[in-house]
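# Observations on the model geometry
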Amino acid sequence: VEGREAVITIADLGEFGLIAAIARDLPGSDDLIIGVGDDAAVLRAPDGRVVATSDLLIEGRHFRREWSSAEDVGHKAAARSLSDVAAMGARPTAVLVSFAGPAETPADWVLAVVRGIAAECAGAGACVAGGDTSSAPFVLLAITGLGDLAGRPPVTRGGAKPGDVVAVTGTLGSAAAGFALLAARGVSGASGADMADLVDAHRRPQPPYREGPRAAELGATAMIDVSDGLLADLGHVAAASGVHIDVLTDRLRSGPLVRDSALSAAATDLGEADWLRWVLTGGDDYALAATFPPAAVPPAGWAVIGAVTAGQGLTVDGREWSGPGGWDHFPAK
Ligand SMILES: [Mg+2]
C-alpha cells in the first residue's frame, strides 16, 4: 500500500518460513548433537540425569512490548529458565522455545526475541535446541530449560539444616524498583543513569548462572533462585527444609547485593518510605540464595544475610515481617 511501510508478518513467512529464519540465527554447542530442523533435538547428557524446568511468559502479564525491546523479552524469557536450572546446582545446557502470537506479529520482532534468547543462553553456556510455533490471539512464549549436574547431587530447597548460614549472590531489589519506575513514570520518565540501571535490571536481569554449580561444589545444602522475592523464596526453603530462617536487614542495606544509591534515589522519586521493601519482596533479579554449613562460608561473591535455626517459618531481624508489601502468605510461627 502506498505510504505504508511493508511489515513482514509471521503469517507472511508461514510456520516453516519462520522456523527456517529462526534456525539461521542459532549457534550450535558441544551439548547439541541434532538441533532445529528435524523431528526432535538430540542433546548430550554427560551426567546421565537431566535437570528440566518450564516457564510461560504471556504478553501483558510478564512483559510489555512498549516497555521492553524484543531482545529484552528474549533475554528475560531465557533467564527465567536458565536461572531455575542453575538453582539446582546444574550447568544450563539448552532451552526449547515455543512461540505463539497473532498472525500480524512482525516477523522481525519474533526473530529479535529469539536472538535475545540465544544470546542469554550463550552467556550461560547453553544453546537453543528446538521449539515450536503457532498462531494465538496474544503473544505467548514457553521455554523449557535443561541442565547437567556434572556428577553432583541436585541442590534442592529441602536440605537446609539448623546452624547453616544463608547467603545470596547477584542483585536484589533492582528489577522491582525498575518496574515501579516504569509503572509510575513510563519509559521516558525514569531519568538519570542510576534509575536507568534499575529499569535495565527489570528489562534484562543478569542472573549469576555460574554461581549455581559453584555453590553446589562448595557444599550448599539448599538453594533457590530469587524470583518471587527474597522473603517469599527463603520462605519456600524454610518450609521445604523444615527449619526457621532469620534474615538480617543490616546485611542487606549495603554491600554488593544492592544498588543502594540507585534504590534510594528511586524511593525518593516515587515517594517510597524505604527501598528495603524492594530488596525483601521484589522478584525478577534472579539472584541465587543458598544455605551453607558454617565451615563452607562465605564463598567469594556470596554475602551472608541470615541464619538457619531449628523451628519453622521466617523472620526478619528476629521479628515477623510487617512492612509494606505484606508478609501474610508466610506467617512466622
Ligand atoms: Mg526458581
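Scroll up to find the structure this text is about.
First, a word on what this report is: a plain description of the structure on this page.

What counts as what
Residues numbered from 1 in each chain as written. Predicted model: local features only at pLDDT ≥ 70, side-chain atom pairs only at ≥ 80, totals over all residues. Heavy atoms only, no water. Donors = N, O, S within 2.8 Å, 3.2 Å for Na, K, Ca; no water. Helix = DSSP H or I, 4+ residues; strand = E, 2+ residues; numbered from the N terminus. Buried < 20%, exposed > 50% of the residue type's maximum accessible area, 1.4 Å probe, protein only. Salt bridge = Lys/Arg side-chain N within 4 Å of Asp/Glu carboxyl O. Polar contact = N/O pair within 3.5 Å; in protein donor to acceptor, adjacent residues only side chain to side chain. Contact = heavy atoms within 4.5 Å.

## A word on the coordination of the magnesium ion
Summarising the metal site, the magnesium ion is bound by the protein donors Asp84 (OD) and Asp225 (OD), whose distances to it range over 2.0 Å. Linking Asp84 in helix α2 (residues 70-86) with Asp225 in strand β8 (residues 222-226), this pair joins segments that are 141 residues apart in sequence. In this structure Asp84 comes out as partly exposed when scored by relative accessible area, which is 21%. When its relative accessible area of 3% is taken as the criterion, Asp225 is described as buried.

## A look at the pattern of salt bridges
Applying the stated rule across the entire model yields 13 salt bridges. Between Arg91 and Asp31 there is a salt bridge, with its nearest N and O atoms 3.1 Å apart. Of this pair, Arg91 sits in strand β4 (residues 91-101) while Asp31 sits in the loop between α1 (10-24) and β1 (32-34), and the two are 60 residues apart along the sequence. Taking relative accessible area as the criterion, Arg91 reaches 33% and is therefore assigned partly exposed.

## Here's the deal with the side chain of Asp47
One can find Asp47 in the loop between β2 (42-43) and β3 (51-58). Asp47 sits in the buried class, given a relative accessible area of 19%. Separated by 2.5 Å, the side chain of Asp47 and the backbone nitrogen of Gly151 make a polar contact. Not counting residues up to four positions away in its chain, the partners in contact with Asp47 are Asp148, Leu149, Ala150, Gly151 and Arg152.

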